[in-house]
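# Structural description and commentary
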Amino acid sequence: MPDETPGPLTETVFYVLLALHTPLHGYGVMKYVNEISDGRIALGAGTLYGALTTLAEKGWIASVPGSAGERKKNYVVTDEGRSIVLAELKRLDELVRNGQRVIREESK
Amino acid sequence: MSAKTIHKLYWDFEKEERWLNDMSAQGLNLVHYSWGTYTFETGPAGEWIYRLELLPGDVRDPKSQKYLEFMSEVGVQAVATYMRWVYFRRPAVDGPFEVFSDLDSRVAHYQRILTMFASITAALVPLTVVNVVNMTRSGSSLAFVLPLFAVYLALVATLATQTIRVWWRVRELREQKRVCE
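Residues numbered from 1 in each chain as written. Chains lettered and ligands numbered in written order. Predicted model: local features only at pLDDT ≥ 70, side-chain atom pairs only at ≥ 80, totals over all residues.

Moving on, we come to the overall build of chain A. Helix and strand content of chain A: four helices and three strands. Taking the principal axes of its C-alpha atoms as reference, chain A extends roughly 60 × 35 × 20 Å. Buried residues in chain A amount to 28% of all 108 residues. A separation threshold of at least 6 residues defines the contact pool for chain A, and within that pool the share at least 24 residues apart is 49%. (Helix = DSSP H or I, 4+ residues; strand = E, 2+ residues; numbered from the N terminus. Buried ≥ 20, exposed ≤ 12 C-beta atoms within 10 Å, placed from the backbone. Contact = placed C-beta atoms within 7 Å.)

What follows is the structure, given as structure tokens:
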């Protein structure tokens, strides 16, 4: 488990890690991220491939065998990946809380 | 399905991409490319969206092959490859198609193109000088050397222009990256 957070995650990395809380293959990740962002994010296939490769190298995700007869590689988040997401959520939560507080004080 | 061949040379991959998508909008779909020769097949208008990418390595490298395999798994076809360039397409019904969706990966792609143009330009300059000097020394007539020199010069100028254009694009994106992701 990492002692410290690696710093703010990119949107691509954050959403890929979220998507992989269920094992998915590349196309599944693209579809999932597009759906939970209400169509705002259409992950480019090249961008996604780069993210999957880097995250697997870092050990934040791992490849798992696909269902029987499937050749496609599936990925799933690791324990380390999960703790990274949790740390990032804490950071994002702080951003949102501070943002809302300042905006609310301003509109008083 | 009839075929059509067009000879054309592009330095700017984004212009090339636009042209291929204009062709596709008219129902002419790229199916093959080699040495400035584009082969099209006729099909329903606007069936495909085309995108070009310069790979980090040779197309036949295992790394590139793994990447192309991934692309086909997510519904992206590689219709043609040429040196390190790949011509991708995806059905338009699958929605807007981009290979790169964030600043980081777009910068990395332009950076690859910049390195390629810069190294060709850098290699061509001494080649031009050596060739012209050698020919002048060996007593070739100016009537022969001058036009050749002009051709070399035009080539260097074109490549240098492309290098600067892509360098500018990288700079713009990096500038944007200082405040955005």
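Here the focus is the overall build of chain B. Scanning chain B from N- to C-terminus turns up four helices and six strands. Counting helices and strands in the order they occur from the N terminus, chain B gives β-α-β-β-β-α-β-β-α-α. Within chain B, the fraction of its 181 residues that count as buried is 22%. Counting contacts in chain B only where the partners sit at least 6 residues apart, residues at least 24 apart contribute 67% of the total.

This part is about the sheet that holds strand 5 (residues 77–82) of chain B. Residues and elements named next belong to chain B. Within the open sheet, the three strands sit side by side as 4-6-5. Their pairing is antiparallel. Both outer strands of the open sheet, strand 4 (48–54) and strand 5, are each paired with one neighbouring strand and no more. Neighbour-to-neighbour, the strand axes of the sheet open up by a mean angle of 20 degrees, direction not taken into account. Direction of pairing for strand 5 relative to strand 6 (residues 85–91): antiparallel, over a ladder of five bridges. Bridge pairing links Thr81 to Val86 in strand 6. (Pairing = 2+ DSSP bridges. Axes fitted to C-alpha atoms, helices over the stretch in contact; angles between N-to-C directions.)

Time to look at the nonpolar core. Membership of the largest hydrophobic core comes to 43 residues, with the highest contact counts inside it found for Val16, Leu20, Val29 and Leu48 of chain A. Per-element tally for this core: the top contributor is helix 3 (residues 45–58) of chain A, with six residues. If near-sequence neighbours (up to four positions away) are discounted, Leu48 of chain A is found in contact with Gly26, Val29, Met30 and Leu43 of chain A. Among the nonpolar cores identified, the runner-up in size contains seven residues, and Leu114, Phe117, Leu159 and Val166 of chain B belong to it. (Core = buried A, V, L, I, M, F, W, Y, C linked by C-beta atoms within 7 Å.)

Once that is clear, we can look at the interface of chain B and chain A. The parts lose accessible area when they come together, and the size of an interface is often stated as this lost area. Counting residues at the interface gives 18 residues for chain B and 16 residues for chain A. Of all elements in the fold, only helix 2 (62–73) and helix 3 (103–137) of chain B reach the threshold of two or more residues within the side of chain B that touches chain A. It is helix 2 of chain B that provides the largest number of residues to the side of chain B that touches chain A, a total of four residues. Class assignment for the residues of the side of chain B that touches chain A results in eight nonpolar, four polar and six charged. (Nonpolar A, V, L, I, M, F, W, Y, C, P; charged D, E, K, R; others polar.)

With that out of the way, let us pick up the domain arrangement of chain B. Residues and elements named next belong to chain B. Taken domain by domain, chain B holds domain 1 (3–94) and domain 2 (103–177). Each side of the interface is counted separately: domain 1 has four residues, and domain 2 has six residues. Partitioning the side of domain 1 that touches domain 2 into residue classes produces three nonpolar, no polar and one charged. (Domains from an automatic or database assignment.)

Residue and element names in this part refer to chain B. The buried fraction of strand 6 is high, at five of seven residues. Sheet analysis places strand 4 next to strand 6, joined by seven bridges and oriented antiparallel. If you follow Leu54 over to strand 6, its bridge partner there is Trp85.

Residue and element names in this part refer to chain B. For Trp35, which is not glycine, the phi torsion reads 45 degrees and is therefore positive. Taking the C-beta count within 10 Å as the criterion, Trp35 has 7 such neighbours and is therefore assigned exposed. With a phi close to 55 degrees, Met83 is a non-glycine residue in the positive phi region. Summarising the element assignment, Met83 is placed in the loop between strand 5 and strand 6.

A separate point is the sheet that holds strand 3 (residues 74–77) of chain A. The pairing of strands in a sheet happens through backbone hydrogen bonds and is either parallel or antiparallel. All names here are of chain A. Pairing is antiparallel in the open sheet, where three strands are placed in the order 1-3-2. What marks the edges here is a single partner per strand, and that holds for strand 1 (24–25) and strand 2 (61–64). Taken together, the two bridges between strand 1 and strand 3 define a ladder with antiparallel strand orientation. The residue bridging His25 from the neighbouring strand is Asn74, located in strand 3.

All names here are of chain B. The topology assignment puts Arg18 in helix 1 (residues 13–25). Exposure remark for Arg18: the 13 C-beta atoms within 10 Å place this residue in the partly exposed category. Along the primary structure Arg18 and Arg51 are separated by 33 residues, whereas in three dimensions their C-alpha atoms are 8.8 Å apart.

For the rest of this paragraph, the subject is the packing of helix 1 (residues 11–19) of chain A against helix 3 of chain A. Between two packed helices, what matters for the description is the angle formed by their axes and the separation of those axes. Residue and element names in this part refer to chain A. Contact geometry of helix 1 with helix 3 gives a least axis separation of 10 Å together with a crossing angle of 70 degrees. If you check the angle between helix 1 and helix 3, you find them roughly perpendicular. Only Thr47, Ala51, Leu52 and Leu55 of helix 3 make contact with helix 1, whose side of the interface consists of Thr12, Val13 and Val16. (Parallel < 35°, antiparallel > 145°, perpendicular 65-115°, else oblique.)

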